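# Remarks on the overall topology
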Amino acid sequence: MMIKAIFIGNKDEAYVFEDFKNGLNIIFSDDNNKGKTIAIQSIMYCLGNKPAFPTSFKYEDYFHIVYFEHNEKLIKICRKSKNFVIKKGEEYAVFDNTAEFKRYWNKNIQELPVIKKDNVVRIVDPELLVQLFFVGQDKKTTWDIINKGWYKKDDFYSLLYAMAGVNNYSDTIEDTEIIKKKIFDLKAEKKILLKENKILKENNVAYEYLSATNDKKALEDMLKEVERIKDKLLSFKKERANAISRRTKNELALKELRSLNRTMKTGQIACLDCGSKHIAYESADKEFSFDISTSAMRKQILDAVKDKIDIYNEEIDRLTKEIVICQSELDLSMQADDIPLEALLVVRKEMEGVKDADVRICEIDSELHKLVDQLTKKETVSDESVKKCEKLLGDIVDSMNEFYKVVDSANETAYDNIFTARDKILSGSEATEFHLARMFAFEKVLQHEFPIIVDSFRAEDLSSEREKRALEMFVGLSNQIIFTTTLKKEEENKYLDNEYVYPIDFSKHVTNKMLSKEYVNRFLNVANEMLVNVK
């Protein structure tokens, strides 16, 4: 995958750069606020990432377009707000949100990794995926993932395993021997108590009825299980309802397009020029409009809407199957065994002398439940898969240290994980080297095809010698590299004579005013080619 060009603008001002190369691209300027971060964030924004533009740049006022090449095919993406337009060859696709965008990407461009999140298998979202190959200018933490919110660090581990083709393993690889030792000790204590209080060893449902502690525990366990299944069922129902709603809106859009009715909810047929025969199809948020006056263009839009309906049909079928499974689980969890009153009377007197043991066994069972649950999560995959996960992380760390040893040979320390400990804060050039080492290692081990993009790649005074060695390591990769940096006055020509670097000079841009009227015509031509009506 190689970025070819970016276009940012509206009808009043724009910026265009159409000359990214394969290999190492370095965008530089002689001062800050020349637009380097805006250019990088615009690329990532078009790829579905959460926006992280400088606060002074009102990105929502502009259309963002990126051209990239994948498998020798040119693909064009335009984004404004939540809406996307994709042009692949002669085909167009329109999407109203990132969820639709990622499903299209997974089906038509590149299969995306799948992880297990909250007990549900999901296609990974762009905001997590891009952390494999992108480091922004801000929030360069080393002990956790960036943009931590719904996704957690363990989800990133799952992403790495999925990228490597290892069976889904959502928990951090940790030593399980401590947990096993605790389980062994608790079981031994329980065994002694049961031996000393033989009545508790009997397989008799009356025990739950006559032991208040165990009855409470049994009830709590049942309620927790019911609550868990209920939440899962509710989540699936909401997802299905949303999918049905969107499918219905697109079916209405299809019907309206075929009849050329004037309005619709999910999209809208409107005159481009009042009173003329020019008819346009507008996306849900009216960010894009397409001239559908010709039968050929109507067919393109009709086919795009049909594809969206098919995607939602698949999603609805999948969710319906999940709902049926949850309903069966819920019914099973609420079943209770009946017991005759005579049986309760028989065991009542025998239970009097075992109350203390009853309480302690209840405590042990509760502890065992928690420990076994933890252990189960770590042993849900085969030992072979666990070993693969451990080896993968080990290979990544080894590759990070390979990079670190070359770049900073004077430092005798070594990395021991892909994240630092929370209380071990890396700052200055150490943090810069750590992030570069990770980007290098992720590509080296996973061999992904994404461009490696680092904004402000030598921040915090990475020395010239270490920078030179770092660049030499990245040049050895087959991926496209896009770095940005601000040069000091005495460094202004440092990349011009470097045969491995394709220099991109942003120094002539007006400070805090990257966009101008100079590029508007070219931008409008590009937008028009993608059937986007820039208002």
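Numbering of residues starts from 1 in each chain and follows the order in which that chain's sequence is written. Totals for whole chains, interfaces and linings use every residue, but because this is a predicted model, local features are given only for residues with pLDDT of at least 70 and side-chain atom pairs only at 80 or more, for both listing and counting. Calculation of side-chain values draws on the structure's entire complement of heavy atoms; hydrogens and water are dropped beforehand.

## Description of the sheet that holds strand β2 (residues 14-17)
Adjacent strands of a sheet form backbone hydrogen bonds with each other and so pair up, either parallel or antiparallel. Rules: Two strands are counted as paired when DSSP detects at least two bridges linking them. Note on conventions: DSSP H or I runs of at least 4 residues are helices, E runs of at least 2 residues are strands, and numbering of each starts at the N terminus. Between N-to-C directions, angles span 0 to 180 degrees; the directions come from axes that are lines fitted to C-alpha atoms, helices contributing only their stretch in contact. Residue contacts are defined here by distance: any two heavy atoms, one from each residue, within 4.5 Å place the two residues in contact.
Read across the open sheet, the six strands follow the order β2-β1-β4-β5-β6-β7; overall the sheet is antiparallel. The outermost strands of the open sheet, each flanked by one partner alone, are β2 and β7 (91-95). In this sheet, adjacent strand axes meet at a mean angle of 15° when their direction is disregarded. Pairing between strand β1 (residues 2-9) and β2: four bridges, direction antiparallel. Bridge pairing links Gly-9 to Ala-14 in β2. Where helix α1 (residues 36-46) meets the sheet, its contacts fall on β1, β4 (63-70), β5 (73-80) and β6 (83-88), and the angle it forms with β4 comes to roughly 70°.

## Examining helix α2 (residues 98-109)
Filter applied, for reference: For every residue, the accessible area obtained with a 1.4 Å probe (protein chains only) is divided by the maximum for its type, and the residue is called buried under 20%, exposed over 50%, and partly exposed between those limits. Definition of a polar contact: a pair of N or O atoms within 3.5 Å, with one able to donate and the other able to accept a hydrogen when the atoms are protein atoms, and with sequence-neighbouring residues admitted only if both atoms are side-chain atoms.
Within α2 the residues assigned to the buried category are Glu-100, Phe-101, Lys-102, Tyr-104, Trp-105 and Ile-109. For α2, the side-chain oxygen to backbone nitrogen distance between the N-cap and Ala-99 is 3.2 Å, and the N-cap itself is Asn-97.

## Digging into the nonpolar core
For clarity, the cut-off: Remark: nonpolar core denotes a set of buried residues (Ala, Val, Leu, Ile, Met, Phe, Trp, Tyr, Cys) joined through side-chain atoms within 4.5 Å.
Counting residues in hydrophobic clusters, the biggest one holds 95 residues, and the most contacted among them are Ile-77, Phe-156, Leu-160, Ile-418, Phe-474 and Phe-483. Beyond its immediate stretch of four places on either side in the chain, Ile-418 contacts Phe-156, Tyr-157, Leu-160, Leu-393, Ile-396, Val-397, Met-400, Phe-434 and Arg-438. Judged by nonpolar contacts, the second largest core, of 16 residues, contains Ala-5, Val-16, Phe-523 and Met-530.

## Considering the pattern of salt bridges
This is how the line gets drawn: Any carboxyl oxygen of Asp or Glu that lies within 4 Å of a side-chain nitrogen of Lys or Arg is treated as forming a salt bridge with it.
The full count for this structure, using the stated rule, is 31 salt bridges. Among the ionic pairs, Lys-308 bridges to Asp-96, the shortest N-O distance being 3.9 Å. Taken as a pair, Lys-308 in helix α8 (residues 295-333) and Asp-96 in the loop between β7 and α2 lie far apart in primary sequence, 212 residues in all. Given the relative accessible area of 8%, Asp-96 is considered buried. One salt bridge in this structure joins Glu-465 and Arg-469, with 3.8 Å as the shortest N-O distance. With a gap of four residues between them, Glu-465 and Arg-469 both fall in helix α13 (residues 464-475), about one helical turn apart. Put simply, Asp-96, Glu-100, Arg-246 and Lys-308 are held in one network by salt bridges that share partners.

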